[in-house]
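Tertiary structure, described
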Amino acid sequence: MSQYQTAGVNARLKVFALLEAQGVPAGEADDLVGALEAGAVAGAQCQVVELDGMAPVSRGSLFADGWDDGVRAVSEALVGIADREWSRRGGRSAGAAELAVHIADVRQRERADLVRLEKFVRESVLPRTHPHTTARRRVLEALGEAGGLCTARTRNSDGDVIVCTLDAGHYDVDDKPPFKDGKPGGWHKADASIWNDLGADGIPHAAL
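Next up on the list: the overall build of the chain. Secondary structure assignment for the chain yields five helices and four strands. Sequence separation of at least 24 residues holds for 47% of the intrachain contacts in the chain that already meet a minimum separation of 6. By element, 57% of the accessible surface of the chain is carried by carbon and sulfur atoms, the whole surface being about 13,900 Å².

For the rest of this paragraph, the subject is the pattern of salt bridges. Scanning all chains against the criterion turns up five salt bridges. For Glu141, the salt bridge goes to Arg137, with nearest N and O atoms at 3.0 Å. With Glu141 and Arg137 both in helix 5 (residues 134-142) and four residues apart, the pair spans about one turn of that helix. On the basis of relative accessible area, Arg137 is assigned to the buried category, the value being 9%. Through salt bridges that share partners, Glu118, Arg122 and Glu145 make up one connected network.

The subject of this paragraph is the confidence of the model for the chain. The share of residues in the chain with pLDDT of 70 or more is 67%, and the mean pLDDT across the chain is 75. Across the chain, helix 5 holds the top mean pLDDT of 90, while helix 3 (residues 61-87) sits lowest at 70.

So, on to the side chain of Lys189. Within the fold, Lys189 resides in strand 3 (residues 188-190). Despite its burial, Lys189 pairs with no opposite charge, the nearest such side chain being Asp191 at 5.8 Å. Engagement of the side chain of Lys189 in a polar contact is seen with the backbone oxygen of Asp191, the distance being 2.8 Å.

For helix 5, the full list of buried residues reads Thr134, Arg137, Val139 and Leu140. Directly after helix 5, the chain includes Gly144, whose backbone phi takes a positive value near 75°.

At 2.8 Å, the side chain of Arg137 and the backbone oxygen of Cys150 are in polar contact. In this structure, Arg137 is in contact with Leu149, Cys150, Thr151, Val163, Cys164 and Thr165, ignoring residues within four places of it in sequence.

This part covers the state of the cysteines. All told, the structure shown has zero disulfides when counted by the stated rule. The thiol of Cys150 is unpaired, and the distance to the nearest cysteine sulfur, on Cys164, comes to 3.9 Å. A relative accessible area of 1% means that Cys150 is categorised as buried. Classification of Cys164 as buried rests on a relative accessible area of 0%.

With that out of the way, let us pick up unusual backbone geometry. We note that His132 has phi near 60°; this positive angle belongs to a residue other than glycine. Take His132: it is sitting in the loop between helix 4 (94-125) and helix 5. Look at His132 and you get partly exposed, because its relative accessible area is 37%.

A cluster of nonpolar side chains, contributed by Leu114, Leu117 and Phe120, occupies part of the molecular surface with about 320 Å² of accessible area. Judged by relative accessible area, Phe120 falls into the partly exposed class, the value being 49%.

Quick notes on the rules
Residues numbered from 1 in each chain as written. Predicted model: local features only at pLDDT ≥ 70, side-chain atom pairs only at ≥ 80, totals over all residues. Heavy atoms only, no water. Helix = DSSP H or I, 4+ residues; strand = E, 2+ residues; numbered from the N terminus. Contact = heavy atoms within 4.5 Å. Areas by Shrake-Rupley, 256 points an atom, 1.4 Å probe, with all protein chains shown as cover. Salt bridge = Lys/Arg side-chain N within 4 Å of Asp/Glu carboxyl O. Buried < 20%, exposed > 50% of the residue type's maximum accessible area, 1.4 Å probe, protein only. pLDDT = per-residue confidence, 0-100. Lys, Arg positive; Asp, Glu negative; His and termini not counted. Polar contact = N/O pair within 3.5 Å; in protein donor to acceptor, adjacent residues only side chain to side chain. Disulfide = S-S within 2.5 Å. Patch = residues over 30% accessible without salt bridge, like charges linked within 9 Å, V, L, I, M, F, W, Y side chains within 5 Å.

Put into structure tokens, the structure is as follows:
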């Protein structure tokens, strides 16, 4: 039964979330869900009532009397549950409270997951990237630490947009790089690409 209870709780929270998103007041949402729950219990009660007088004849009259007494006891219990669910409608805002607790729990777990992910990226991923490479820039962007990097960009030979991986403010048009060994002077650089702001595809840092 636990799987049905878990599914029921999750479904209940989802219904409240959907109703809240549509602007349905918490009290009205409680009324709707309470009515559905009471109706479900009433449906179960109707099925139990149908078992009255259905004891196997071969088990004798004494067994039949106990059977019918059991059916009536279960039926009365279900009626009481339905009554309680119905009487709890309106003003309880249980759904809104449950939803708030659920959302808070989800957010807390998400924050914990983000902390673990950031720790992993900072300790295991970042050290494996080389300075002034696109890979390192992407890791720094994921960590929210790329604010000090140049934002000039261009297109490489494949037509892909690439962004400079050097520090902001490095650019000097007169400091030309020695192209043979690929080390830039004051020009922009991203992996094997080196360019200046005067290129047709170049978007200068100052323009961003």
